[in-house]
Amino acid sequence: MYTAPRGTHDILPEEWPYWRYVINNIHETAALFGFEQIDTPIFETTSLYIRGVGEGTDIVDKEMYSFQDKGGEEITLRPEFTAGVMRAYLEHGMRVRPQPVKLYSIGPIFRFERPQAGRYRQHHQFNVEVIGEQDPAVDAEVISVAWHLFKRLGFRGLSLQINSTGCPKCRPGYLKELVAYYRQHENEICDDCKRRLERNPLRVLDCKNEQCQPVIAGAPHITDYLCDDCKAHFAGLRAHLDAIGLSYTVNHRLVRGLDYYTKTVFEVYAEGIGAQNAVCGGGRYDGLIEELGGPPTPGIGFGSGIERQILTMKEQGIEPPSLPKPKLFVAHVGEATHVEAFRLTMKLREAGLSALYGFGNRSLRSQMKSANRAGARFALILGEDEIAQGVVTVRDLEASTQEAVPRDQIIAWLQDKLLFGAPSGA
Ligand code: HAM
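Residues numbered from 1 in each chain as written. Predicted model: local features only at pLDDT ≥ 70, side-chain atom pairs only at ≥ 80, totals over all residues. Heavy atoms only, no water.

Caption draft 1: Structural detail: the sheet that holds strand β3 (residues 66–68). One open sheet holds the three strands; their spatial order is β2-β4-β3, and the pairing between them is antiparallel. Each having just a single partner strand, β2 (43–45) and β3 make up the two edges of the open sheet. Taking each pair of neighbouring strands and ignoring which way they run, the sheet shows an average axis angle of 35 degrees. Of the strand pairs in this sheet, β2 and strand β4 (residues 74–77) are connected by three bridges, and their pairing is antiparallel. By the bridge assignment, F43 is partnered in β4 with L77. With respect to the sheet, helix α2 (residues 46–53) is in contact with β2, β3 and β4, its orientation differing from that of β2 by roughly 80 degrees. (Pairing = 2+ DSSP bridges. Helix = DSSP H or I, 4+ residues; strand = E, 2+ residues; numbered from the N terminus. Axes fitted to C-alpha atoms, helices over the stretch in contact; angles between N-to-C directions. Contact = heavy atoms within 4.5 Å.)

Here it is, written out as structure tokens:
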């Protein structure tokens, strides 16, 4: 027996009310904030991610699904949206459009991670990017897109954490201090942090290892080392968040796992899905477009895991609305009626009435059972008598009544009943 690959999931029919609910709310939220949708391929040239996300990050070093395709191209399954969206922004000359360009996407993301609750090898993200504007109001707007969505979905216990990671002007000064501090504590830290110190020192702040916690607690804060520009930007972000009453905590340890971030970084957590599982993470990446060969262009965005949003709904007992089911079931009695009943079923659908057809040679009783199980409101029964008399027997499965309706009036009759909803005969 085959099973789905480790860390991947089938989205079964019973899961779809959650998915539809989340996705509908995403589209509505994006529209409310004036975002336009973009879809990029689920694979890109490998070097795009190496340049964009950065060597030394977990994503590039350990997690990419990379392979050579049959034409010899080096390909990687999308491990995040941002690099691909920036490639599209450049490729399609979007800088001549009114700036900022506000884009959102929904789709699968692939990372070779150790699967656990809320962490998968294929997950789906709602991703947002705003390109071409450095006003800190943009940062506040991007954060509020996520916040608004989560509020709309009914999440409780939301918390927003923000930090600034500085820029190429001020970050090196901070890293020097951070590394010097860590050198004094080299015997107290884990082996991973010793490696991080060499390859990607900022990430030591993100270590989850127990033994490193006291060292992290005493580490210098990057916000004390920001240049005037970054300092003003961070103050601007906070002023805008304060103005809209969006409360946050400044988390000096928040550094995020991708190399492109500059200035603002943020994460949102929701009650119920574990303190290690952010429901949203993002930040500013003012150097990324240049890194990918474009002109200096600021940008900011976030990604939010749809599986984690659904997990939050389940943990918090939030029920999505159920999806519509076929309202009609067409049953037939006697072999000669099959084709006629099939034709009637198609006519109903063409008139916009959702209908199921009773396949095979089953008894009326068994077809009625199927109709009930499917949750249909009316069963339409065609036997030889009905065909001879030009009628359809309509059984109201809610009211347990039945009546003969002339065949040429059946659609209007059903539209009327289904629209006004009262059981027939009531
Ligand atoms: P990220 O923090 O790597 O950022 O992922 C964004 C979100 O995707 C996470 O907060 C989480 O909700 C979800 N997520 C990540 N990995 C997994 C996984 N293995 N299983 C389930 N859910 C997961 C980015 O990807 C950046 N590109 C976000 C961004 C956009 N920054 C600027 N623009």
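Once you've had a look at it, read on.
Caption draft 2: Just the packing of aromatic side chains, in detail. Under the defined criterion, the tally for this structure stands at 13 aromatic pairs. A centroid spacing of 6.0 Å and a plane angle of 75 degrees characterise the contact between Y65 and F112, whose relative ring orientation is edge-to-face. Here F112 lies in the loop between β5 (101–110) and β6 (122–131) and Y65 lies in the loop between α3 (58–63) and β3, a separation of 47 residues in the sequence. Among the residues examined, Y65 registers a relative accessible area of 28% and is labelled partly exposed. Classification of F112 by relative accessible area gives partly exposed; the value is 42%. When the centroid spacing of 5.5 Å and the interplanar angle of 85 degrees are considered together, the rings of F126 and F302 count as edge-to-face. With a gap of 176 residues between them, F126 in strand β6 and F302 in strand β11 (residues 299–305) connect regions that are remote in the sequence. The residues F126 and F302 share a single accessibility class, namely buried. Among the aromatic side chains, those forming a connected cluster through ring pairs are Y104, F126, F266 and F302. The ring of F112 has R121 sitting right over it, with the charged end atom 4.0 Å from the ring centre. (Phe/Tyr/Trp six-rings, centres within 6.5 Å; stacked < 30°, edge-to-face > 60°. Buried < 20%, exposed > 50% of the residue type's maximum accessible area, 1.4 Å probe, protein only. Lys NZ or Arg CZ within 6 Å of the ring centre and 35° of its normal.)

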